[in-house]
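# Notes for the structure review
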Amino acid sequence: MENYIEVRWHGRAQQGVVTAAKVLGEACLRSGKYVQAFPEFGPERMGAPVRAYNRVSDEPIRLHCQVTEPRYVLIADPTLIGVAGVTDGTPEDAIFIINTHKSPKEMRSELGLAGKKAKVYTLDASKISLETIGRQMPNTPMLGALARAAGFIAIEALIENFKENYAKKFSPRVIEGNVEAMNRGFKEVEGE
Amino acid sequence: MAIMTKGQTGLTGNTAIAYAMKQINPDVCAAYPITPSTAIIEDFSSYVADGAVDTELITVESEHSAMSACIGAAAAGARVMTATSAQGLALMWEMLYIASGMRFPIVIANVNRALSAPINIHCDHSDSMGARDSGWIQLYSETVQEAYDNFIQAVRIAENEKVLLPVMVCFDGFITSHAIENISLLDDSEVRRFIGEYRPKHYLLDTDNPITYGAMTLQDTYIEFKHQQSQAMTRAKDVAIEVGREFGKEFGRTYGLMETYRLDDAEVAIVILNSAAGTTKVAVDELRKQGKKVGILRPRLFRPFPFREIADALKNVKAVAILDRADSMNGFGGPLFNEVRSALYELDARPRVISRIYGLGGRDYKVKDALEVFADLKKIAETGKVETLQKYITL
């Protein structure tokens, strides 16, 4: 099969996972990659479980089916574990990044991955976003955490992309808060 | 290292079409929103509100009125466009025939979506396939890039004096309309130069040369009107080729009547429209690695149907599967199957042809689904026998 990086985002509607997939896609594109970013297609309702996806590749992407075997899984809301099939289809060497105050070890067992090869990372993205952006926006610190855990996107690329693409949309204060959130996510994420 | 994606940006299909509309700056856009095409008009209405375009945006109370207003504006001499999907296109039905019969070069983005019932908002081609005999030119698009490029070319094809017919640009709901993909955008000035100014020869507001549109024609002249319309549709094929070639010369992306992929020496082939062709290409590459001679034909122009060119492209394959994302509900395969199979009848040595209906209502079509079809085709090519002429897949 073709060489793709596939990412699945889990969250609840209004937590920003669709935007996170968009921002990640844009940042990867800026670093010279071919990308896809799409939400789980459907009529959305506030608070309902939502998925969003990325494909990233060095080659033009021709696949237009759903992402069903992602190596990277980001969970913005830990209450979705056990509800939203967060481990479905993931390969042995999968990487999970979870917004929680709990340790990677605890989350590994909650995910049913004890003794498995998959890596589990955690960060308190809700707390970071409250302290930096001033509201619950866990997606932004999680992007920083992804840069640390995955290595296919540099934190600098995420930050530069955000500063350039969103300067018109947000005030400098909001941009600064988001950049700080990404940096803190990068620094504070822990994994095993 | 050179950055291959330099100059590209990431847009959804809907955002890209709205951007193309901004660049085209039509005189009139009359629209009524419907999922999954809503964002086109939503984005475009921002361009209108911001003064980025001079377009008269008419918000109406239904798609029937949207197409009616488009027709009225086109009759007055305006360059007109709109967007819709599924039930929206269905509600435009009688007006579609009036737009084409009056020979108005209206351009519509149809974001392909299944028709109710049961209600569904996801992709299939039932909507545009139902309109295939309405006298509209139809272009189908695999990617966000192609949807954007097709939409710009549609203006030129529609307004060509030899054609003067409305054009429907089709692309897959959600799969293309809501997915961000890499895209190279043209400059506003490039788009405006390519499409040129619209100067209709005849229009109602030209009071020095009064004319009538929509007059009663009975047994004496109606058939002559339809004959002329049919001839115009035939001419649209050459115009589409010319425009696609000129687009390539100007901007580096050439388009033809169809795209073939690894078809030259193929023994078996899949014929398929829109985004699923991309997924099928991945399957083709897998099988080619194993030395299997497989290929794809993806029609881009479905109306007028390039039957000679399609037959010619498939004349050397032993077996071909036509994949339809719509069922004609005629008991004998989907619309693409019927037309391709009919086109092949003129060949001296015809390939065996099977019908497969897939992906209705947005059902996922994966590489493995394409591989299974190719496995069926291999058996047919080896034995010369068709076991299952038609069936639903991805069930």
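Note that the coordinates shown come from a computational prediction; the quantities given were computed from them, not determined experimentally. Per-chain numbering applies: the sequence of each chain, read as written, is numbered from 1 onward. Each chain gets a letter, beginning with A, and each ligand a number, beginning with 1, in the order they are written. Residues qualify for local features only when their pLDDT is at least 70, as the model is predicted, and side-chain atom pairs are given and counted only at 80 or more; totals for whole chains, interfaces and linings, by contrast, use all residues. Based on all heavy atoms of the structure, the side-chain values leave hydrogens and waters out of the count.

## Details of the overall build of chain B
Our working rule: In this text, helices come from DSSP runs of H or I with a minimum length of four residues, and strands from runs of E with a minimum of two, each type numbered from the N-terminal end. Note on method: radius of gyration uses C-alpha positions; expected globular size equals 2.2 Å times residues raised to 0.38. Per-residue accessibility, obtained with a 1.4 Å probe over protein chains only, is compared with the maximum for each type, and a residue is labelled buried under 20%, exposed over 50%, and partly exposed between these values. Every residue pair with non-hydrogen atoms within 4.5 Å of one another is taken to be in contact. Note on charges: Lys and Arg go in the positive column, Asp and Glu in the negative column, and His and the chain ends are not counted at all. Here the site of a charge means NZ on Lys, CZ on Arg, CG on Asp, or CD on Glu.
Scanning chain B from N- to C-terminus turns up 13 helices and 15 strands. At 21 Å, chain B has a C-alpha radius of gyration in line with the 21 Å of a compact globule built from 395 residues. Seen through its C-alpha atoms, chain B measures out along the principal axes to roughly 70 × 65 × 45 Å. A total of 395 residues make up chain B; the buried ones form 57% of that total. Counting contacts in chain B only where the partners sit at least 6 residues apart, residues at least 24 apart contribute 81% of the total. When the 42 basic and 50 acidic side-chain charges of chain B are each reduced to a single mean position, those positions are 8 Å apart.

## Some thoughts on helix 10 (residues 276-289) of chain B
Here is the rule: Expected span, for any helix, means 1.5 Å times one less than how many residues it has.
An ideal rise of 1.5 Å per residue puts 20 Å on 14 residues; helix 10 of chain B measures up with 20 Å between its terminal C-alpha atoms. Across the 14 residues of helix 10 of chain B, 13 count as buried, placing the element largely inside the fold.

## Observations regarding the sheet that holds strand 4 (residues 80-84) of chain B
Residue and element names in this part refer to chain B. What counts is decided by this rule: For two strands to pair, DSSP has to find at least two bridges joining them. Where helices are involved, their axes are fitted lines through C-alpha atoms of the stretch in contact, as for all axes, and angles between N-to-C directions lie from 0 to 180°.
Pairing is mixed in the open sheet, where 7 strands are placed in the order 3-2-4-5-7-6-12. Edge positions in the open sheet fall to strand 3 (56-59) and strand 12 (301-303), since each of these has one partner strand only. The average angle at which neighbouring strand axes cross in this sheet is 20°, direction not considered. Bridge count for strand 5 (residues 107-112) against strand 7 (residues 167-172) is 6 bridges, and the pairing is parallel. Paired with Asn112 across the strands is Asp172, a residue of strand 7. Along the sheet, helix 1 (residues 13-24) makes contact with strand 2 (28-31), strand 4, strand 5 and strand 7, crossing strand 7 at roughly 155°.

## Remarks on the interface of chain A and chain B
Quick reminder of the rule: Defined here as a combined quantity, buried area equals the accessible surface (1.4 Å probe) lost by two parts on assembly, summed across both. The salt bridge definition used is simple: a Lys or Arg side-chain nitrogen within 4 Å of an Asp or Glu carboxyl oxygen. Definition of a polar contact: a pair of N or O atoms within 3.5 Å, with one able to donate and the other able to accept a hydrogen when the atoms are protein atoms, and with sequence-neighbouring residues admitted only if both atoms are side-chain atoms. Nonpolar residues are Ala, Val, Leu, Ile, Met, Phe, Trp, Tyr, Cys and Pro. Charged residues are Asp, Glu, Lys and Arg, and all others, Gly as well, are polar.
Between chain A and chain B, the residue contacts involve 23 residues of the former and 30 residues of the latter. Summed over both sides, the interface between chain A and chain B buries roughly 2200 Å², with carbon and sulfur atoms accounting for 61% of that surface. Seen at the junction of chain A and chain B, the total is 1 salt bridge. Note that Asp285 of chain B is salt-bridged to Arg62 of chain A, the shortest N-O span being 2.6 Å. Our count for the chain A to chain B interface comes out at 12 residue pairs in polar contact (both at pLDDT 80 or more). Broken down by secondary-structure element, the contributors of at least two residues to the side of chain A that touches chain B are helix 1 (17-30) and strand 2 (34-39) of chain A. Here the residues of the side of chain A that touches chain B sort into 12 nonpolar, 6 polar and 5 charged. Two strands pair when backbone bridges link them, and strand 2 of chain A and strand 8 (residues 180-183) of chain B are joined in this way by 2 bridges, in the antiparallel orientation. Counted as the bridge partner of Gln36 of chain A is Glu181 of chain B from strand 8 of chain B.

## A word on the pairing of strand 2 of chain A
Residue and element names in this part refer to chain A. Judged by how many residues are buried, strand 2 sits mostly within the fold: 6 of 6 residues are covered. Of the two faces of strand 2, both are covered, the one formed by Tyr34, Gln36 and Phe38 as well as the one formed by Val35, Ala37 and Pro39. Pairing analysis gives 6 bridges linking strand 2 to strand 3 (residues 49-57), with the strands arranged antiparallel. By the bridge assignment for strand 3, Val35 is matched with Val56.

## Let's talk about the sheet that holds strand 8 of chain B
Either a parallel or an antiparallel arrangement is found when strands of a sheet pair, and the pairing is made through backbone hydrogen bonds. Strand order across the open sheet formed by 9 strands is 7(A)-6(A)-5(A)-4(A)-1(A)-3(A)-2(A)-8(B)-1(B), with mixed pairing between neighbours. Two strands lie at the open edges of the sheet, namely strand 7 (190-191) of chain A together with strand 1 (9-11) of chain B, each paired on one side alone. As judged from the 5 bridges shared by strand 5 (residues 95-99) of chain A and strand 6 (residues 119-123) of chain A, these two strands associate in the parallel manner. Opposite Ile95 of chain A, over in strand 6 of chain A, you have Lys119 of chain A as the bridge partner.

## Overview of helix 5 (residues 155-165) of chain A
Buried within helix 5 of chain A we find Ile155, Ala157, Leu158, Ile159, Asn161 and Phe162 of chain A. Looking at the buried side of helix 5 of chain A, the elements it contacts are helix 1, helix 4 (139-150) and helix 6 (172-188) of chain A.

## Considering the pattern of salt bridges
Pairing of side chains with opposite charge becomes possible as their charged atoms draw close. Residue and element names in this part refer to chain B. Inspection of the entire model under this criterion finds 38 salt bridges over all chains. For Asp265, the salt bridge goes to Arg288, with nearest N and O atoms at 2.9 Å. Here Asp265 is found in the loop between strand 9 (258-261) and strand 10 (268-271), whereas its partner Arg288 is found in helix 10, with 23 residues between them in sequence. What makes Asp265 partly exposed here is its relative accessible area of 39%. Each of the salt bridges in this network shares a partner with another, and the network as a whole consists of Glu142, Glu146, Glu259, Lys281, Arg298 and Arg300.

## Observations concerning the domain arrangement of chain B
Residues and elements named next belong to chain B. Going by this rule: Note: domain ranges come from an automatic or database domain assignment.
According to the domain assignment, chain B contains domain 1 (7-251) and domain 2 (258-392). If you look at the interface, domain 1 gives 30 residues, while domain 2 gives 27 residues. Summing the contributions of domain 1 and of domain 2, the shared interface buries around 2200 Å²; its carbon and sulfur component is 52%. Three residues, Arg132, Glu142 and Lys237, lead the burial of domain 1 against domain 2; their summed loss comes to 29% of the area buried on that side. Across the contact surface, domain 1 and domain 2 share 7 salt bridges. Among the ionic pairs, Arg298 bridges to Glu142, the shortest N-O distance being 2.9 Å. Our enumeration of links across domain 1 and domain 2 arrives at 19 residue pairs in polar contact (both at pLDDT 80 or more).

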